[in-house]
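Chain and residue survey
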Number of protein chains: 4
Amino acid sequence: MVTTQPYDDDKLHEECAVFGIFGHPESAALTALGLHALQHRGQEAAGIVSSDDVQFHAHREIGLVGDIFGDPRVIDRLSGHSAMGHTRYSTTGEPMLRNVQPLFAELEFGGLSIAHNGNLTNAATMRKDLVSRGCIFQSTTDTENIVHLIATRRGAPVERMISALRQVEGAYSIIAMTQDSMVGVRDPLGVRPLVLGRLGDSYILASESCAFDIIAADYVRDIEPGELVVITKDGLRSHWPFPKQKQRFCIFEYIYFARPDSVVEGLSVYDARKRIGVELASEAFVEADVIIPVPDSGVPSALGFSQASNIPFEFGIIRNHYVGRTFIEPSEEIRHLGVKLKHSANRAHVEGKRVVLVDDSIVRGTTSKKIVEMMRLAGASEVHMRVSSPPTNNSCYYGVDTPEREKLLAANNSVEEIRRLIGADTLAFISMDGLYRAMGHDGRNQDQPQYCDACFSGEYPIQLTDRLREHDPRQLSLLAETGG
Amino acid sequence: MVTTQPYDDDKLHEECAVFGIFGHPESAALTALGLHALQHRGQEAAGIVSSDDVQFHAHREIGLVGDIFGDPRVIDRLSGHSAMGHTRYSTTGEPMLRNVQPLFAELEFGGLSIAHNGNLTNAATMRKDLVSRGCIFQSTTDTENIVHLIATRRGAPVERMISALRQVEGAYSIIAMTQDSMVGVRDPLGVRPLVLGRLGDSYILASESCAFDIIAADYVRDIEPGELVVITKDGLRSHWPFPKQKQRFCIFEYIYFARPDSVVEGLSVYDARKRIGVELASEAFVEADVIIPVPDSGVPSALGFSQASNIPFEFGIIRNHYVGRTFIEPSEEIRHLGVKLKHSANRAHVEGKRVVLVDDSIVRGTTSKKIVEMMRLAGASEVHMRVSSPPTNNSCYYGVDTPEREKLLAANNSVEEIRRLIGADTLAFISMDGLYRAMGHDGRNQDQPQYCDACFSGEYPIQLTDRLREHDPRQLSLLAETGG
Amino acid sequence: MVTTQPYDDDKLHEECAVFGIFGHPESAALTALGLHALQHRGQEAAGIVSSDDVQFHAHREIGLVGDIFGDPRVIDRLSGHSAMGHTRYSTTGEPMLRNVQPLFAELEFGGLSIAHNGNLTNAATMRKDLVSRGCIFQSTTDTENIVHLIATRRGAPVERMISALRQVEGAYSIIAMTQDSMVGVRDPLGVRPLVLGRLGDSYILASESCAFDIIAADYVRDIEPGELVVITKDGLRSHWPFPKQKQRFCIFEYIYFARPDSVVEGLSVYDARKRIGVELASEAFVEADVIIPVPDSGVPSALGFSQASNIPFEFGIIRNHYVGRTFIEPSEEIRHLGVKLKHSANRAHVEGKRVVLVDDSIVRGTTSKKIVEMMRLAGASEVHMRVSSPPTNNSCYYGVDTPEREKLLAANNSVEEIRRLIGADTLAFISMDGLYRAMGHDGRNQDQPQYCDACFSGEYPIQLTDRLREHDPRQLSLLAETGG
Amino acid sequence: MVTTQPYDDDKLHEECAVFGIFGHPESAALTALGLHALQHRGQEAAGIVSSDDVQFHAHREIGLVGDIFGDPRVIDRLSGHSAMGHTRYSTTGEPMLRNVQPLFAELEFGGLSIAHNGNLTNAATMRKDLVSRGCIFQSTTDTENIVHLIATRRGAPVERMISALRQVEGAYSIIAMTQDSMVGVRDPLGVRPLVLGRLGDSYILASESCAFDIIAADYVRDIEPGELVVITKDGLRSHWPFPKQKQRFCIFEYIYFARPDSVVEGLSVYDARKRIGVELASEAFVEADVIIPVPDSGVPSALGFSQASNIPFEFGIIRNHYVGRTFIEPSEEIRHLGVKLKHSANRAHVEGKRVVLVDDSIVRGTTSKKIVEMMRLAGASEVHMRVSSPPTNNSCYYGVDTPEREKLLAANNSVEEIRRLIGADTLAFISMDGLYRAMGHDGRNQDQPQYCDACFSGEYPIQLTDRLREHDPRQLSLLAETGG
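Keep in mind that this is a model prediction, so the values were computed, not measured. (Residues numbered from 1 in each chain as written. Chains lettered and ligands numbered in written order. Predicted model: local features only at pLDDT ≥ 70, side-chain atom pairs only at ≥ 80, totals over all residues.)

1. Regarding the overall build of chain A
The number of helices and strands found in chain A is 17 helices and 26 strands. When the backbone C-alpha atoms are referred to their principal axes, chain A occupies close to 70 × 50 × 45 Å. Taken across its 484 residues, chain A has 61% of its residues classed as buried. Within chain A, contacts between residues separated by at least 24 positions form 72% of all contacts whose residues are at least 6 apart in sequence. (Helix = DSSP H or I, 4+ residues; strand = E, 2+ residues; numbered from the N terminus. Buried ≥ 20, exposed ≤ 12 C-beta atoms within 10 Å, placed from the backbone. Contact = placed C-beta atoms within 7 Å.)

2. Overview of the relation of the copies chain C and chain D
Turning one copy of the chain about an axis and sliding it along that axis gives the other copy, so a rotation and a shift relate them. With an RMSD of 0.0 Å, the operation that places chain C on chain D is a rotation of 180° combined with a shift of 0.0 Å along the axis. Classification of the inter-copy transformation places it as that of a two-fold axis. The residues that chain C uses at the interface reappear at the interface of chain D in 100% of cases, marking a shared surface. (Least-squares fit on C-alpha atoms with pLDDT ≥ 70 in both.)

3. Details of the pairing of strand β4 (residues 56-62) of chain B
Counting buried positions along β4(B) gives five out of seven residues, so the element sits mostly inside the fold. Bridge count between strand β26 (residues 479-482) of chain A and β4(B): four bridges; the pairing is parallel. Paired with L479(A) across the two strands is F56(B), which belongs to β4(B). Counting the residues that bridge the hairpin from strand β3 (residues 45-51) of chain B to β4(B) gives four residues. (Pairing = 2+ DSSP bridges.)

4. A short note on the environment of S297(B)
Residue and element names in this part refer to chain B. Looking at the secondary structure, you find S297 in the loop between β18 (290-293) and α10 (299-309). By the C-beta count within 10 Å, which is 26 here, S297 ends up buried. S297 sits 24 residues away from R273 along the chain, and the two C-alpha atoms are 9.3 Å apart.

5. Digging into the sheet that holds strand β11 (residues 202-206) of chain D
Read from one edge of the open sheet, eight strands run β26(C)-β4(D)-β3(D)-β5(D)-β2(D)-β11(D)-β10(D)-β12(D), paired in mixed fashion. Looking at which strands have only one partner, the edges of the open sheet turn out to be β26 (479-482) of chain C together with β12 (218-222) of chain D. The sheet shows a mean angle of 15° between the axes of neighbouring strands, direction not considered. Relative to strand β5 (residues 82-88) of chain D, helix α1 (residues 27-37) of chain D is tilted by about 25°, and along the sheet it contacts β2 (16-22), β3 (45-51), β5 and β11 of chain D. (Axes fitted to C-alpha atoms, helices over the stretch in contact; angles between N-to-C directions.)

6. Regarding the arrangement of the chains
With respect to C-alpha atoms, chain A approaches chain C no nearer than 16 Å, and the pair has no contact. Between chain B and chain D there is no contact; the minimum C-alpha to C-alpha separation amounts to 16 Å.

7. Digging into the interface of chain C and chain D
In this complex, chain C contributes 34 residues to the contact, which on the side of chain D involves 34 residues. For the side of chain C that touches chain D, the secondary structure elements donating two or more residues are β4 (56-62), α3 (72-77), β6 (103-107), β7 (110-120), α4 (123-132), α5 (143-151) and β26 of chain C. No other element matches β4(C), which puts six residues into the side of chain C that touches chain D. When the residues that make up the side of chain C that touches chain D are grouped by side-chain class, the tally is 15 nonpolar, 13 polar and six charged. (Nonpolar A, V, L, I, M, F, W, Y, C, P; charged D, E, K, R; others polar.)

8. Some words on the domain arrangement of chain A
All names here are of chain A. Domain annotation for chain A reports domain 1 (13-248) and domain 2 (264-320 + 331-450). Put simply, the middle of domain 1 and the middle of domain 2, counted by C-alpha atoms, are 34 Å apart. Mapped by element, the contributors of at least two residues to the side of domain 1 that touches domain 2 are β1 (13-14), β7 (110-120) and β8 (170-178). Element by element, the count of residues in the side of domain 1 that touches domain 2 is highest for β7, at three residues. Among the residues forming the side of domain 1 that touches domain 2, the class breakdown is four nonpolar, seven polar and six charged. (Domains from an automatic or database assignment.)

9. A few points about the pairing of strand β8 (residues 170-178) of chain B
All names here are of chain B. For β8, the tally of buried residues reaches nine of nine residues, placing the bulk of the element in the interior. Side chains G170, Y172, I174, A176 and T178 project from β8 onto one buried face, and the interleaved A171, S173, I175 and M177 project onto a second face that is buried too. Pairing analysis gives six bridges linking β8 to strand β9 (residues 181-186), with the strands arranged antiparallel. Of the residues in β9, the one forming a bridge with A176 is V183. From the end of β8 to the start of β9, which pair antiparallel, there are two residues.

10. Things to note about helix α10 (residues 299-309) of chain A
Residues and elements named next belong to chain A. Counting buried residues in α10 gives nine out of 11 residues, a clear majority hidden from the surface. Those residues of α10 lying buried are V299, P300, S301, A302, L303, G304, F305, S306 and S309. Looking at the packing, one finds that the buried side of α10 touches α9 (269-283), β18 (290-293), β21 (354-359) and β22 (382-387). Within two residues after α10, N310 carries a phi angle of roughly 60°, on the positive side.

11. Re the nonpolar core
Ranked by internal contacts, the top residues of the largest apolar core, which has 628 residues, are M375(A), M375(B), M375(C) and M375(D). Among all residues touching M375(D), those that are not within four sequence positions of it are A345(D), V350(D), V355(D), L357(D), A380(D) and V383(D). (Core = buried A, V, L, I, M, F, W, Y, C linked by C-beta atoms within 7 Å.)

12. Some words on helix α1 (residues 27-37) of chain A
For α1(A), the buried fraction is high: 11 of the 11 residues fall into the buried class. Along α1(A), the residues classified as buried are S27(A), A28(A), A29(A), L30(A), T31(A), A32(A), L33(A), G34(A), L35(A), H36(A) and A37(A).

13. Side note on the environment of I214(C)
Residues and elements named next belong to chain C. With respect to the element layout, I214 can be found in the loop between α7 (210-213) and β12 (218-222). A tally of 24 C-beta atoms within 10 Å means that I214 is categorised as buried. Once the C-alpha coordinates of I214 and H36 are considered, the two residues, 178 residues apart in sequence, prove to be 8.8 Å apart.

14. Notes on the sheet that holds strand β26 (residues 479-482) of chain D
The strand order across the open sheet built from eight strands is β12(C)-β10(C)-β11(C)-β2(C)-β5(C)-β3(C)-β4(C)-β26(D), with neighbouring strands paired in mixed fashion. The strands lining the two open edges of the sheet, one partner per strand, are β12 of chain C together with β26 of chain D. Taken over all neighbouring pairs, the strand axes of this sheet differ in orientation by 15° on average, direction set aside. Sheet contacts for helix α1 (residues 27-37) of chain C: β2 (16-22), β3 (45-51), β5 (82-88) and β11 (202-206) of chain C; angle to β5(C), the most-contacted strand, approximately 25°.

15. Quick look at unusual backbone geometry
Omega for the bond connecting Q101(A) with P102(A) falls within 30 degrees of zero, at 0°, which places this linkage in the cis form. Backbone geometry places E265(A), a non-glycine residue, at a positive phi of 45°. Tracing the backbone shows E265(A) in the loop between β16 (263-264) and β17 (267-268). One non-glycine residue, A216(C), lies in positive phi territory at about 55°.

16. What to know about the confidence of the model for chain A
Confidence in the prediction of chain A, expressed as mean pLDDT, is 90, and 91% of residues score 70 or more. Across the interfaces of the predicted complex, the ipTM metric reaches 0.85, alongside a pTM of 0.84. (pLDDT = per-residue confidence, 0-100.)

Put into structure tokens, the structure is as follows:
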């Protein structure tokens, strides 16, 4: 596990990350660094809103954090004692600037900035109601519902926010900011992560602990499921707006989304992945000469597999460091040459060898097919594929970009069919219980699973209201806009 | 009068122009051409919204119409049977994209696009009330008040609009568009212009008739003060939402804002200006050798002055065609050289001559001073300045960008003081009655003037509610935004 | 004549202007201003090279002077005591950056910068020879020949330059700069203009005197035909490298190219044009109600015509100030509407009138046709066209961009045929003798004409070597280049 | 070894890569792909020149190959049967477009395109001579000397080229292209690599074999030291213009420059690196708990070290995938926080552990210092550094960008001093003989070393003419240019 995840269109994608810091003279610069550390959770767009004593300042753009906020003049304009930011992986159509978070609104009590990781499952239903009452939506994000709910309620900002969140269903980790406070909240099941950190006297909220490491801040604790914290100059206070429920954290965060150097809910992500490799070796051992990780996310599991199986670990696939998303799509005429922009085989360690490939997941299967083929072309005598997640056969409605169900290879094919499609000699996915064991449990508690694993099991722990009412949760705009 | 007005920061500026066409397959291209013809009314930004049977399409940008809409791909994306557009001269701070009109909102009944020429005098008062009821403003334009008023009313779009406009005070010519209709409306006094045209079966609305000429459309009539017209596929219907009042059209439109080839309220603008020159020659004749217009807006009056006085007309000042707004601001060190980027003297017709300069107005006086100085450097023996408007000594609150009162030269100085400041031998402004005579009246009707002339007289025909309540009508945003 | 010439693709175009100033701390800024005043001579690209005690500094770009050099950081980088610049109207294919002058080369004696207005008639012949000797050309400009001739000669820079120029045929006004000197030279016939000015202790060279006015410098004198001046810190010295010949200045400079406020070879351009109008009125009088100039270059002649004929002068055509070169080319579907982007009729002064249009030249005739048509649509009862140049029926090989001969309307049609093609009731061009009379001569000296008038007469005063040898003088590059 | 090398300013940098393909309808697209695979050899700029039957086509730009040539319209313009390209790591000052290769010149026989990896050691000396003979240089590259030498010689292109190369000293692998041929040549000692490949009927030349893999072409052989191959439609012919000498290939190619999946002079780069790790473990074993590679180039040696020492291999350092070169340079105020943009520690595998770090080289030492510190902050009980190259203490003059000698840590410090400066508990570099053993030799042949190892030994196998004559081999331009 050498690097954070590069973008790969054959993976599931976390849609967002959030970061906020209250009461620091360098708040915008620290937010830029925090977002940079969280870049793997969303590469389409990023934004920062800061607050000084007079005004809020915002900068939002399509692109990577480093490109957008690498210009010191941009950071300089984001003055103020507090700042919050968001990176986004856009889910519908082409990315629109007005959907880039944090959202900002001027309400009766002053300015409000808000950003969200997750997905609301009753967004379309709420929106229809709010529009009929005269609310004008500017974005197509589910997050904007919360802003209008806050705007049309009465009372102090925090009271309005609590009242608004009680209307809301779904998975969410939210950061909000007013002139003199910052709020962090996690949904009652705690599906998405949110952690609390500290740098000197300043509190920090972030999606993952790796955002603290980059600025040498201290990890304090995870925000608890259903907890709402309010940070002001007088310190931090917790509120509990919802009835208590048992946690159902997203298990895919451990498998792929989170950074290997993050510690999530007390567990090292890197170690969790290595342990999945160990479980996989015990569940699906195969005689072989070499264990080869599919770069980059397969590396820790491959290492675990190698250590458990005593089969040597080698880098049999080299990833090209310089591949961006925009590289030349080879023309039809030369594509048949088998052009390999992203990876190449390290022939010396493949030729004549029985190879075990270890990857984290199979979504569409396109990459797996190419990689197996590349091994064969490089002379592998056998190619065995081992996958560190169970078959992905259901869509996620809680903030992860999943292809439509019909494009999920495992939704429509048995393991044997998948094996044939990708061309491997053998194929094994880790079992559900094996996965839970790697997380430190005895296995999956069938009555009340310890995690949200809907993408594997199809059991959805939060009601899918929009889906039941057949409202498309991915709101389309009446307006197609260009310019600017 | 050879050209339309170039931008000049020593002039008053019309803030906007509007254009709309209903039911034409080339609606966006025609709107771009119409806006191009109206470019003199606003050079900061422009936008077009079109409507097809499924969706609205918008393109808004900072810049000139020709630069923004010169790209055929931009026009192609603005598909649909109807389109409307706006050009804007921004009034506060740096131009913000979210203030560029037409505004667009998705309301309960569908999409609504709206654009406005003029200024609402109770905008800040209304906004405060709407925000307290939970409305979230996205722009700092006064126009957005109307959108929220429409959103929070009930009934059909036109009923909502009429109900909304009854809340509104100020000067306005508005075009609005829904999926299946276009609406045009002028305020009860008709301060700002709005004309109706026709191209084949399609109705057109525009700020000036020159926008019809460019697309070879026919001028039908001026929309009347207080009239609201609704254009649908069934034709045009007029509504009269307000009690009738006598018209008070803005007289400065004739002096400077309107294009010389426009016909406004039945009067040719070019001829009106020539007649001002004739009146000026009779009121303020002076023995001289040559009449020289200050380019470009002084030309027709100078020609009128020359024909009435029998003093030869010559182009004693050449304007540089290539001056943009962004040209090199000469450094302090070479500015003292008297660098003249915009104009140069045609020495052969100035040297040793008694010169009469004719200009349309004196606002700050900076240009007048430079021009007089240039005449002296080129050897003029006498320099007489004649101005085809009365002294400009009051701010406009009805949609014209006026400097703060203390920067209006005539607000703080007598005619004699101005003469001394600009360095002329003699100086005369046209009289108020002379001006009204040039418009074809016997003079100004003191009880009920035929025009709005508040910038000269200080008599404001529409209540200045925000000003009375000390609300700043120029709403500042809580958010300073960059990026995109 | 209110403005300098806007770009018009139905005119002939001067290809270039040059400007240089020696020994001034603000040399680059002054050069930018000078080029700005000369912008009418070339709108495709511009460049400035400056020289300080250590290095030369260059900035060259496609675009207008004001856009390129309006950025103070660009000017700041062009440090040094001396600077020279060039604006270019590109003649073949798409403009290439490596053709943008001034050219620069590092020779044995140090850096050399050079810029040229005109055209060499033996460029291709020289180039072939130089390449065979191992010289590597970087541009396709004829100017680069001179650089290689200088590089491969011996001796001091000025000796090399004189030796090089003796190889060269054609029309040229050249400015060159070394570390410690500036050189100006005009070809033996003085076809293209070059004037000498002074600002304090600094000498200035420029294509036209209007470049002095903008920086308040003094006009000293015209550089004489065949004169080469060398400016160093010790002052100015003249050299006469060629046998003396009688001057043959380009008469089209008076008709169209030069700015109206320039004084060329002792004659005011504005006055020359007015006098052409006077001659035209006497040669081709017609009963009419109004004299209307075709904007902008027809204005002074129209004024002269009006004063001589006593027919009133009116601005019957309004030019749109905001037309750039890039504006939307209306689609086929709406072009038939007769869209008029550049001009519109001032109907009040056209309707029912007998109109005399005055224009400077007819090249392709496309504009003339549109303008006559516009007059008819606006209700003119008669339309008479008067042209202040003789029929343009030969290509120029001396630095003016002329369409190929077959596209010159007058090369293939009689005056009566042209009249019919443009749709006028009558049409008259000024006679050759009338034109010379307007310049202050008794008429054209047939044995040895006072001017170069090859575009009218077909008599070419300088040998057309390349053309005789059938070398294409417009060198095409073996390399099509993009990027950068 | 998971990825190709990212840019790191604490490494030595190969300055260039070359690629050419003759006789393929997709030649430009294949060249773009080949350059993409060679991107690790130069990240500043890239260019491609193609040749069709009529013309050459070039596109050169500052930036990465994927960004420049990812636009299919760029590739489409590069039409033709043959193409060649270059990527460049710029060495002096800011990168200038005119230095971006391939260079192109129009010579007597037609167009010539040329690109070069390496460095000429008599470039300045030759340049002085050529300029004195009238040659005009356009770039400051040493490569341009070769172009002028070819231009001023006589005979057929290949004869001219051979004659030119006999004047040249230094390290070079050159590709050149004329209308109907492609030439590849390596300097007599073969310091820089150049390999020959084949795709169908087309020959390919490239700096490394990984450029063949990406387009599924076959590796044929290495071009031999001193060999010049000419490829035409009749096939490939070898020429031997120089007296034979023993090869001195650059040993640093194996240590760092070349891609791990390349095979160079018959040796797998990945395996060579692993074997260095094995040698290092035997030379400098230390008791420890974990072997941690410094990403990314230290990975194969670390794996070799781990396998030889039986100490577990773990990814104790995570590299951030999204770091570009332009990211926010943290302000002074927050830099003291120890911001770690590129790497973060994987605490779980560092805390309480005795750590062996394996890196490929220490140049300035800044990164090593940070990494050791990071290990300590993450709780390492001991930190041992092992380096898979001998101390780098001499500059390279053969095409590698080395800091000035005074900035090479090892040039001025003993191993013990370096250990103290970077803060490690122990430090060991591989021995020279150990390195040669890892390459498959018995050790370094002291009389005639098998490789060029001047950066370690100070023994320079090719004469340093410019340096002896005190000509600065890094030619500075007299012209500082912007624009374009």
